[in-house]
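Each chain, letter by letter, is given below.
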Amino acid sequence: VQLQASGGGLVQAGDSLRLSCKASGRTSRNYAMGWFRQAPGKEREFVAGITQSGGSTSYANSVKGRFTISRDNAKNTVNLQMNSLSPEDTAVYYCAAKSAFTTVIGTSQGWYNSWGQGTQVTVSS
């Protein structure tokens, strides 16, 4: 599956931003999807994930209550709504896909086997 992330930009603290990840390829709707981010000088970290059906989601503690992951399987799109952004959210955000049926949501990079190119999110104070 090919993934194309978009929606990043420069915003101020407290603002909102919506990232989108468009998946293309065979049976792309049958993938668990996730968002990761990597800040300068830091390891890439899990942000949020969602199962194939969209019935289950998982969030990193640092974004819980502020970020919402959702998917539209008819459009092969996964979104990440980010509210109450802070400078600590500044990072390159990557979407990822797990190309196997699963009822769980992985939080490690190695669990996913397809990655998008990343989109920069910069939050100014």
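Heads up: the structure comes first, above all this text.
What you see is a predicted model; the values in this text were computed from it and never measured. (Residues numbered from 1 in each chain as written. Predicted model: local features only at pLDDT ≥ 70, side-chain atom pairs only at ≥ 80, totals over all residues. Heavy atoms only, no water.)

**Q** Whenever I open this one, the pattern of salt bridges confuses me. Can you help?
**A** When their charged atoms lie close together, side chains carrying opposite charge are able to pair. Taken as a whole and assessed by the stated rule, the structure comprises three salt bridges. Between D89 and R37 there is a salt bridge, and its shortest N-O distance comes to 2.9 Å. Here D89, found in the loop between β8 (77-82) and β9 (91-98), pairs with R37, found in strand β4 (residues 32-38); they are 52 residues apart in sequence, far enough to count as distant. The class of R37 is buried, set by a relative accessible area of 6%. In this structure, D89 and R66 form a salt bridge, with 2.8 Å as the shortest nitrogen-oxygen distance. A residue pair is termed long-range when its members are at least 10 positions apart, and D89 in the loop between β8 and β9 and R66 in the loop between β6 (57-59) and β7 (67-72) qualify at 23 residues. Note on accessibility: D89 and R66 belong to one class, buried. Each of R37, E45, R66 and D89 takes part in a single network of salt bridges with overlapping partners. (Salt bridge = Lys/Arg side-chain N within 4 Å of Asp/Glu carboxyl O. Helix = DSSP H or I, 4+ residues; strand = E, 2+ residues; numbered from the N terminus. Buried < 20%, exposed > 50% of the residue type's maximum accessible area, 1.4 Å probe, protein only.)

**Q** I keep staring at the nonpolar core and nothing clicks. Help me out?
**A** The nonpolar side chains of soluble globular proteins are, as a tendency, buried together. In terms of nonpolar packing, the biggest core is built from 29 residues, with W35, L80, M82 and Y93 touching the most fellow members. Listing elements by their share of this core, those giving two or more residues are β1 (2-6), β3 (17-24), β4, β5 (45-50), β7, β8, β9 and β11 (119-124). Excluding residues that lie within four positions of it along the chain, Y93 makes contacts with L19, W35, F36, R37, V47, F67, L80, M82, G118, T119 and V121. Counting seven residues, the second largest nonpolar core, distinct from the first, contains F46, A96, W111 and Y112. (Core = buried A, V, L, I, M, F, W, Y, C linked by side-chain atoms within 4.5 Å. Contact = heavy atoms within 4.5 Å.)

**Q** Looking at this model, I keep getting lost on the environment of T77. Mind explaining?
**A** Tracing the chain through its elements places T77 in strand β8. For T77, a relative accessible area of 15% corresponds to the buried category. Ignoring sequence-local partners within four residues, the contact set of T77 consists of S20, C21, K22, S70, R71 and D72. Side-chain polar atoms of T77 contact the backbone oxygen of K75, separated by 2.9 Å. (Polar contact = N/O pair within 3.5 Å; in protein donor to acceptor, adjacent residues only side chain to side chain.)

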